[in-house]
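These are the residues of each chain, in order.
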Amino acid sequence: MNNIKSNSVLIKGMNPLSGTVSAQGSKNATLPILSALPLLPEVELYNVPDLSDIHEMLSILKHLGATYTFDNGHLSMNLENLQNNDVSFEFTSKMRASSLFMGPLLSRFGKSTVGMPGGCVIGSRPLDIHLLGFEHLGATVDNNNGIITSALKDGKGLEGEFTLSFPSVGATQNLISASVFSPSTVTLHNVAIEPEVLEMVNFLNKAGADITLKDHNTLVIKGVPKLNKVTHSIQPDRIEVFTLLVAGIVSKGSVTVVNCEPEHLSSPLQALVQMGAKIELGDGSITASYVGKLEGIKVQTGVYPSFPTDCQQQISVAMLHAETPSVLIEKVFNSRFRHLDELQKMGAKIKIENNVAVIEHSDLSFATLDSFDLRGAASMILAGLSSTGITKVSSLHYLYRGYEGFVEKLNHLGADISYV
Ligand code: EPZ
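Figured I'd write up the structure that's included with this text. Per chain, the residues get numbers from 1 upward, laid out in the order the sequence is written. In keeping with the model being predicted, local features are shown solely for residues with a pLDDT of at least 70 and side-chain atom pairs are shown and tallied solely at 80 or more, while totals for entire chains, interfaces and linings include all residues. Calculated side-chain values reflect all of the structure's heavy atoms, with hydrogen atoms and water omitted.

What follows concerns the site of the ligand. The near set for a molecule or strand comprises every residue that places at least one heavy atom within 4 Å of it. Close to the ligand lie 23 residues, the nearest being Arg96, Asp128, Ser168, Asp310 and Val332. At a separation of 3.0 Å, an oxygen atom of the ligand approaches a polar side-chain atom of lysine 27. The definition of a polar contact used here is a pair of N or O atoms within 3.5 Å, where within protein one atom must be able to donate a hydrogen and the other to accept one, and adjacent residues in sequence count solely through side-chain atom pairs. A distance of 2.7 Å separates an oxygen atom of the ligand from a polar atom in the side chain of arginine 96. Here the Shrake-Rupley method, with its probe set to 1.4 Å, supplies the accessible areas, and only the displayed protein chains count as covering residues. For the ligand, whose free accessible area comes to 820 Å², the fraction covered by protein is 87%. Numbering of helices and strands runs from the N terminus; a helix is a DSSP stretch of H or I covering at least four residues, while a strand is a stretch of E covering at least two. When contributions to the shell around the ligand are tallied by element, the ones reaching two or more residues are helix 1 (27-36), helix 5 (128-136), helix 6 (169-179) and helix 12 (374-385). For the shell around the ligand, a count of residues per class yields ten nonpolar, six polar and seven charged. Residues were grouped as follows: Ala, Val, Leu, Ile, Met, Phe, Trp, Tyr, Cys and Pro as nonpolar; Asp, Glu, Lys and Arg as charged; and all remaining residues, including Gly, as polar.

Strand pairing is defined by DSSP finding a minimum of two bridges between the two strands. Read across the sheet, four strands follow the order 6-7-9-8 without closing on themselves; strand pairing throughout is mixed. Both edges of this open sheet fall to strand 6 (86-87) and strand 8 (139-144), since each of them pairs with a single strand only. Both strand 7 (residues 111-115) and strand 9 (residues 147-152) contribute to a ladder of five bridges, which runs antiparallel. Paired with lysine 111 across the strands is alanine 151, a residue of strand 9. Of the strands in this sheet, strand 6, strand 7, strand 8 and strand 9 are in contact with helix 4 (residues 102-109), which crosses strand 7 at around 155 degrees. Its contacts with the sheet place helix 5 against strand 8 and strand 9, and it is angled at close to 140 degrees to strand 8. We call two residues in contact when some of their heavy atoms are within 4.5 Å. Only the contacting stretch of a helix is used when fitting its axis, a line to C-alpha atoms as for every element, and angles between N-to-C directions run 0 to 180 degrees.

Right, let's talk about the nonpolar core for a bit. In this description, a nonpolar core means a group of buried Ala, Val, Leu, Ile, Met, Phe, Trp, Tyr and Cys residues linked to one another through side-chain atoms lying within 4.5 Å. Relative accessible area decides the class of each residue, using a 1.4 Å probe on protein chains only: under 20% of the type maximum gives buried, over 50% gives exposed, and in between gives partly exposed. Core analysis: the biggest nonpolar cluster contains 70 residues, and Leu61, Phe134, Leu188 and Leu204 have the highest contact counts within it. Apart from residues no more than four positions distant in its own chain, phenylalanine 134 is found in contact with Met102, Gly103, Leu106, Ala139, Val141, Ser150, Leu158, Asn174, Leu175 and Ala178. Of all hydrophobic cores here, the second largest spans 68 residues; its members include Ile239, Leu244, Leu320 and Phe337.

To continue, consider helix 2 (residues 52-64). Taking 1.5 Å per residue as the helical rise, helix 2 with its 13 residues ought to reach 18 Å, and the 19 Å between its terminal C-alpha atoms agrees with that figure. For helix 2, the complete set of buried residues consists of Asp53, Ile54, Glu56, Met57, Leu58, Ile60, Leu61 and Leu64. Residue glycine 65 follows helix 2 closely and has a positive phi angle near 120 degrees. Expected span of a helix: the number of residues minus one, times 1.5 Å.

This part is about the side chain of serine 379. Checked against the element boundaries, serine 379 lands in helix 12. Excluding anything up to four places from it in sequence, serine 379 contacts Gln313, Gln314 and Val317.

Below, the discussion takes up the environment of asparagine 411. Among the structural elements, asparagine 411 can be located in helix 14 (residues 406-412). Each C-alpha atom, one on asparagine 411 and one on tyrosine 68, is 33 Å from the other, the two residues being 343 residues apart in sequence. Residues contacting asparagine 411, with those up to four places away along its chain left out, are Asp416 and Ile417.

So, on to unusual backbone geometry. A cis amide bond, omega 5 degrees, links tyrosine 304 with the succeeding residue proline 305. By the secondary structure assignment, proline 305 is in the loop between strand 18 (298-300) and helix 10 (312-320). Not every positive phi belongs to a glycine, and aspartate 215 is a case in point at roughly 45 degrees. Note that aspartate 215 resides in the loop between strand 12 (210-214) and strand 13 (218-222).

Further remarks concern the packing of helix 9 (residues 266-275) against helix 10. It is at 12 Å that the axes of helix 9 and helix 10 come closest, and there the two elements cross at 5 degrees. By the angle between their axes, helix 9 is roughly parallel relative to helix 10. From helix 9, Ala271, Leu272 and Met275 reach across to helix 10, where they touch Ile315, Ala318 and Met319. For the contact of helix 9 with helix 10, the residue count by class is six nonpolar, no polar and no charged. An angle below 35 degrees is treated as roughly parallel, one above 145 as roughly antiparallel, one from 65 to 115 as roughly perpendicular, and anything else as oblique.

Below is the structure:
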């Protein structure tokens, strides 16, 4: 469990990390599965990470009428007596993933009311693709002062075909949930195929849904009358794994992460190899080692299987330690470079123009850094590990949204990080 009392840490830099840690369950696989639970009567989930975002989703499910126990990664939940179909603004303003309840509640109750989530520091985060899909497939959607109400026409489930204008992860997940009880079939084109999306499909099919992936990025959802209780174990968190591996490299050490799925990280691991790090793959394990000077590279984020945007902030710290310049292009979100401004406090040599950053070799020295989102918070800690002196990182409530025991794992590997 995170030390939720402290919102800041002090990091004494330049300790080479070494040793082995285990991956947590995936936050971004858990959140969509939690949002889809109103489609089921009961569930047993294992390897659920203990994160503040998870607790937010559980409080929404409790508000809807679910009863559950959550202990040591095991969630046991009963959803037979839900009596609410609204997720009000107080919930959605805290966490965008709460908008994923729109589809499941529409399917279960024929109507859902969800507050519009706010934007966040990584950019405006509209729901236009979600809502256009609901309407195109037969629902009515009203957006009054940020409260979105969607309803089935005459109680009739969604059917037909819809092409997403962009393979949005959340829109794909919402549209899947909204379609599982279709009276016939829903076909979704240009869907997201991230591992977390495919795990949600696998989870729903285990519960009795009939969802097939065709032609690489088309989902055919044949409606079923109901779903059944299911037991499922959440996949490892590929983004946490990558963050821990980068810690090994920027600290000039060697870190092994076990209980992970290397095939979910082929593109970001390839980038680390291209930079000159040593990557060794075992059965469910990855070892990243610093074996000499790093070289700069060009990285452009994109949808799966391209380089994930959620690994962008972490690799930018590795780029600061490369002998030659790197180019970093963020193509998924319209402003995900806020962390680069913070790194300049440590002497980072970075030039930013719109969504392109040129990052040069920089000898980082300690500073007091703030964080503005969860991957940024983790990246500030990576910078502190690889700079001289003692760096302070604040606003760690962002870190606790997505990383379980992150500071403890790094200290286990030889870091010198203390809560303040
Ligand atoms: C999910 O967010 C992840 N969150 C994000 O991880 C991740 O960065 C993102 O997918 C991309 O991989 C969870 O899974 C809980 P999107 P999501 O819809 O679903 C635009 C983290 O650090 N868009 O694929 O919100 C949107 O503005 C978080 O763990 C529309 O324009 O991502 C963005 O620019 C951060 N209209 C792009 O698409 C829409 O209707 C990708 O968004 C929907 C999205």
